[in-house]
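Descriptive structure summary
Listed here are the chains, written in short residue letters.
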Amino acid sequence: MPTSRRNAQSVNGPTRRTVMTAGAGMAALTATGLPLATASPATASASSPVPDKVPTAPGSWHRYVQGPSGRTVRPVRVIASTGETRAPEALLKRGGAVTVLTRPEPVAPPRWPVGTTAEASSAHAGNNGNDGQPRTYDASNAIDGDPDTFWNDDTIAAFPDTLTIILPAAEQLSGITVVSNSDGVPTDFTVETWQDDAWHTAATVSDNDVIQRAVPFPQTLTTTRVRITVTAVQDTPRGAFSRINEVWPAPVEAVAAPSVTVDFGKVVVGYPRIRFASASDNSPGVRLAFSETRQFLTDRSDFTRSDQAGGAGQGTDQFAVPAGGTTWTDHKGYLRDGKVFADGLHGFRYLKITLDALPGDAPVAQPWGTVRIDSVELDFTGYIGTPSTYRGWFLCSDDDLNRYWYGASYTNELVTDTFRQDDVDPRNAWSPTLEGRLVLHDGAKRDRDPYVGDLAVSARTLYLTHDDTAAAARNVLADLADHQRSDGWIPPASIAGYDLPLFDYPLWWVTCSWDYVLYTGDRTYATRYYPHLVAVLDTWYPSVTDSAGLLSKGLNDTGRYGDYAFLDRTGQITYYNALYVKALNDSAALARWLGHEADAKRWTDRAGAVATAVNAHLWDDSVGAYLDSSTGAVRHAQDGNSLAIVSGLAGPERAASALDHLEATTRLPYGNAFMDNDTIFGDASQRVYAFTSYPEIVARFESGREASALDQIRRTYGWMDSHDPGVTNWEGIGPDGSLYEGAYTSMAHGWSTGVLPALTHQLLGARPTSPGYVDWEVKPHPGDVAWAQGELPSPAGPLAVDWTNSVTSFTLTLRVPHGTRGVASLPVGESPAVVRQEGRVLWDGRRAHSRQVAKDGNRVTVSGLGAGRHRFTVSR
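Reference entry: report on the structure contained in this document. (Residues numbered from 1 in each chain as written. Predicted model: local features only at pLDDT ≥ 70, side-chain atom pairs only at ≥ 80, totals over all residues. Heavy atoms only, no water.)

**Structural notes on the sheet that holds strand E38 (residues 834–837)**
If you walk across this open sheet you meet the seven strands as E21-E34-E35-E36-E42-E38-E39, and the pairing is antiparallel. Looking at strand neighbours, the two that pair on one side only are strand E21 (393–396) and strand E39 (840–843), the edges of this open sheet. Each strand axis lies, on average, 15 degrees off the axis of its neighbour in the sheet, ignoring direction. As judged from the eight bridges shared by strand E36 (residues 809–816) and strand E42 (residues 868–875), these two strands associate in the antiparallel manner. Along E42, the bridge assignment pairs phenylalanine 810 with valine 874. Strand contacts of helix H15 (residues 755–764): E21, strand E34 (787–794) and strand E35 (797–805), with the helix running at about 115 degrees to E34, the strand carrying the most contacts. (Pairing = 2+ DSSP bridges. Helix = DSSP H or I, 4+ residues; strand = E, 2+ residues; numbered from the N terminus. Axes fitted to C-alpha atoms, helices over the stretch in contact; angles between N-to-C directions. Contact = heavy atoms within 4.5 Å.)

And the structure:
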């Protein structure tokens, strides 16, 4: 879930769109047994003309599968090395040559004369620091000879800041050295010296990006004072402060630390493992920094749970290598005596290994010596999705769409994992009731906590790919229900001890519970947790309903409650109320299935009343779209307008108008923004959430706007697919296509995988309509796609769909499992068309030839389809 905003830049080329190659070439590729996971990104996308027919090569979709073949995953290339490093490529495979990192023992740095003092323009108040130990940030820390302490000013993002060093007597200086830390180095500063009763500029530094910066003077001079004036710093998650750990009275050039950076080819998740062949006998340390993108690949990891929770890692994982070598798996904890800390599990693409050690880890680990490394690998902890594990699949004539579908599946596999105390969000998210259970986390890197709102998308992705792991969704839904408050409110996640106050997520629990039952037919779950559903709908949400019959955030002390994006909005909000309508209708369907007709009628009636109130109070005639809120600044949101359409509260005319407005005001090269202006916060109209884009894409398909739905998919997922780290789906996209929260952004987030259910349910067109697929519908929306095929995993067996589309004809073939029945809705267009089933005329262009056939707009529907094979042709 998002929290704050930070800008970033993409690193790769423009979005590409190609078409899948069919026929003998594809068959030959499949025959090799080489999954896409082992191929380099450069070979993962081939281009050719649109094939004339559906490929018949068995398993031709296998080439798109991204998952590893087993738990041990190795990097695919070395992308950089620094310092005295020998044979860096040896890290890529076990045995044979080894990679050698060597660093000489550093000489003692120069010290200021006894009696030297320091003062600063300001100093941050003392606190418990990152590691929970008391710290001070006074100016004197910059001259105490301890590189683990530092001066930190007290004016965040405000400059200039000054640090003045006062000597007891005049000294000759040839320059100074400024030592800072990875929490953000001073990028621009001047150095002045006191001479002839005045300050004189001795040196100016700009664009600094190194921790140890030697600043030589043009000539040796004599002075009693040195003043450093900082005018700019790196902006990091620790804040834009001026921080200086040490100033030395001489220019000392840093000896480059030896390092090797490896690339795993895509985001992976798990425990890194390094096989050390040997080391010098002084306990040389290694520091590991992880990043999902090259942009934020530095000496510090783009995210660590220990730093977030006040740990001692200082942005990296540490290990001290024994002389005899060892195989080290990066698990959370200290190596010895509270020293040398490792964070454990990481989600990342790039890994940088450096021969170095934290000053506070001496003597357990030293920042010099020799380390010989045999290999690097990862113990992969996510779900291993191989062609043999897929219970549902998808393939079409558009190669890009195929990549997006399997990229979304891989994203979801990364977050389908076991809930483990050491690996989940450290902000009081651990729960003994979830420990050891399979769950759907929200992100591979962070927060690594199961949020029910994320399940609204990621659980559907799971059901359509690996439904044998549906317990991952059930475990989360059941656990949250088991922590329901007495007033009916259901927590959004285990974070904050099941007490994170969100206004919308109890509604997502309702809709996700219906989804789970719809896809699995699990009557035991439905019966067990039906009372919890009644409580949330009939107790808690009525307590936040106003006199107009609308949910109004602020009632019942909910002004402090957030939502999926922690947005600052109160009162009558279209999004909350449209989601309420959907939850009420989903609950009514569940109630009917369980035989609770009175509940079903009450909720259906309430859904209608809320829909009427939304249309009366929240529709903006001036622009033809639903308001975000009935009060405050005028804006129109993607979430509310899209859900108003998919929930059915918007009629066809308003649905068309709202989609026109979103198209005109939110369209960006990298998707559609979630707000049409910036009145809720700066750059809101430049932010794209795939989470809220999913219902808009569905709304476009279901409103007959296949072209705009596919265009939105290609812009949103094409951007993510073609920009670092590639393959996986981002938590959010910011201005100019950036990582919307900088390094903190999760680049593999389950709530962004909506492209997969959209392509299966809307493009391919198949979906369940009653629990367990007892009833289903196949309603393709082909757009410009020439053909598509796939299978949906139902409890009774696969529901298989295969269609081809051209200007003159449409052919649909179904294979229906036993014990199920459904409806096929065939696109016939506006001109007269003839529909046949296995040669028999069902619709002659004017009338039906069967009671099971009906005309519905530009479609002909055929109902009552049971088990077996069915083939339909439309001649336009």
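**Quick look at the sheet that holds strand E41 (residues 859–865)**
Strand order in the open sheet formed by five strands is E32-E33-E37-E41-E40, with mixed pairing between adjacent strands. A single partner strand is all that each edge strand has here, and the edge strands are strand E32 (766–768) and strand E40 (853–856). Neighbour to neighbour, the strand axes of the sheet diverge by 20 degrees on average, direction disregarded. Relative to E41, strand E37 (residues 821–827) runs antiparallel, the two sharing five bridges. Within E41, the position partnered with proline 827 by the bridge is arginine 859. Its contacts with the sheet put H15 on E32 and strand E33 (775–778), and the angle it makes with E32 is roughly 105 degrees.

**Overview of the environment of valine 439**
Structurally, valine 439 can be placed in strand E23 (residues 438–440). Here valine 439 falls in the buried class, since its relative accessible area comes to 0%. Separated by 10 residues in sequence, valine 439 and aspartate 449 place their C-alpha atoms 8.7 Å apart. Excluding its chain neighbours within four sequence positions, the residues that come into contact with valine 439 are Val415, Thr416, Asp417, Phe419, Leu434, Pro450, Ala472 and Val476. (Buried < 20%, exposed > 50% of the residue type's maximum accessible area, 1.4 Å probe, protein only.)

**Here's the deal with the packing of helix H4 (residues 452–465) against helix H7 (residues 505–520)**
As a packed pair, H4 and H7 sit with axes 8 Å apart at the nearest point and diverge in direction by 15 degrees. Taken together, the axes of H4 and H7 are roughly parallel relative to one another. In the packing of H4 onto H7, the handedness of the crossing is left-handed. Together, Val452, Gly453, Asp454, Leu455, Ala456, Arg460, Tyr463 and Leu464 of H4 and Tyr505, Trp508, Trp509, Cys512, Asp515, Tyr516 and Tyr519 of H7 make up the contact between the two elements. Partitioning the contact of H4 with H7 into residue classes produces 11 nonpolar, one polar and three charged. (Parallel < 35°, antiparallel > 145°, perpendicular 65-115°, else oblique. Left-handed = near helix turned anticlockwise from the far one by under 90°. Nonpolar A, V, L, I, M, F, W, Y, C, P; charged D, E, K, R; others polar.)

**Considering the packing of aromatic side chains**
In this structure the tally under the stated criterion is 42 aromatic pairs. Their ring planes at 35 degrees and their centres at 5.6 Å tell us that tyrosine 541 and tyrosine 580 sit as a pair that is tilted. Separated by 39 residues along the polypeptide, tyrosine 541 in the loop between helix H8 (523–540) and strand E24 (552–556) and tyrosine 580 in helix H9 (residues 574–594) bring together distant segments of the chain. Accessibility classification places tyrosine 541 together with tyrosine 580 in one group, the buried group. (Phe/Tyr/Trp six-rings, centres within 6.5 Å; stacked < 30°, edge-to-face > 60°.)

**Quick notes on the pairing of E39**
Two elements, E38 and E39, share three bridges in a ladder whose sense is antiparallel. Bridge pairing in E39 places valine 835 opposite tryptophan 843.

**Topic: the packing of H7 against H8**
At a minimum axis separation of 11 Å, H7 and H8 run at an interaxial angle of 155 degrees. Our classification of the angle between H7 and H8 gives roughly antiparallel. You can see that H7 and H8 cross each other, and the crossing is left-handed. Side by side, H7 and H8 meet where Pro506, Leu507, Trp509, Val510, Ser513, Tyr516 and Val517 of the first sit next to Tyr525, Ala526, Tyr529, His532, Leu533, Val536 and Leu537 of the second.

**Some thoughts on unusual backbone geometry**
Put simply, phenylalanine 159 and proline 160 share a cis peptide bond, and its omega is 10 degrees. Cis geometry is found at the peptide bond from alanine 362 to proline 363, where omega equals 0 degrees. Relative to the helices and strands, proline 363 resides in the loop between strand E19 (346–355) and strand E20 (369–380). Although it is not a glycine, alanine 496 adopts a positive phi angle of roughly 60 degrees. Looking at where alanine 496 falls in the secondary structure, it is placed in helix H6 (residues 495–498).

**A word on the environment of glutamine 66**
When you line up the elements, glutamine 66 lands in the loop between helix H1 (24–31) and strand E1 (72–73). Separated by 668 residues in sequence, glutamine 66 and glycine 734 place their C-alpha atoms 26 Å apart. Polar contacts involving the side chain of glutamine 66 include one to the side chain of lysine 266, which spans 3.5 Å. (Polar contact = N/O pair within 3.5 Å; in protein donor to acceptor, adjacent residues only side chain to side chain.)

**Some remarks on the side chain of lysine 352**
With respect to the helices and strands, lysine 352 occurs in strand E19. Residue lysine 352 is classed as buried on the basis of its relative accessible area, which comes to 16%. Among the polar contacts listed, one links the side chain of lysine 352 to the side chain of aspartate 299, at a separation of 2.7 Å. Leave out the neighbours within four places in its chain, and lysine 352 touches Ser259, Val260, Thr261, Arg287, Leu288, Ala289, Leu297, Thr298 and Asp299.

**Quick look at the pattern of salt bridges**
One pass over the full model with this rule turns up 54 salt bridges. We note a salt bridge from arginine 705 to aspartate 660, for which the minimum N-O separation is 2.7 Å. Here arginine 705, found in the loop between helix H13 (690–702) and helix H14 (706–722), pairs with aspartate 660, found in helix H12 (residues 652–666); they are 45 residues apart in sequence, far enough to count as distant. Overall, arginine 705 belongs to the partly exposed group, its relative accessible area being 22%. Linked through salt bridges whose partners overlap, the residues forming this network are Glu663, Arg667, Glu696, Arg700, Asp711 and Arg715. (Salt bridge = Lys/Arg side-chain N within 4 Å of Asp/Glu carboxyl O.)

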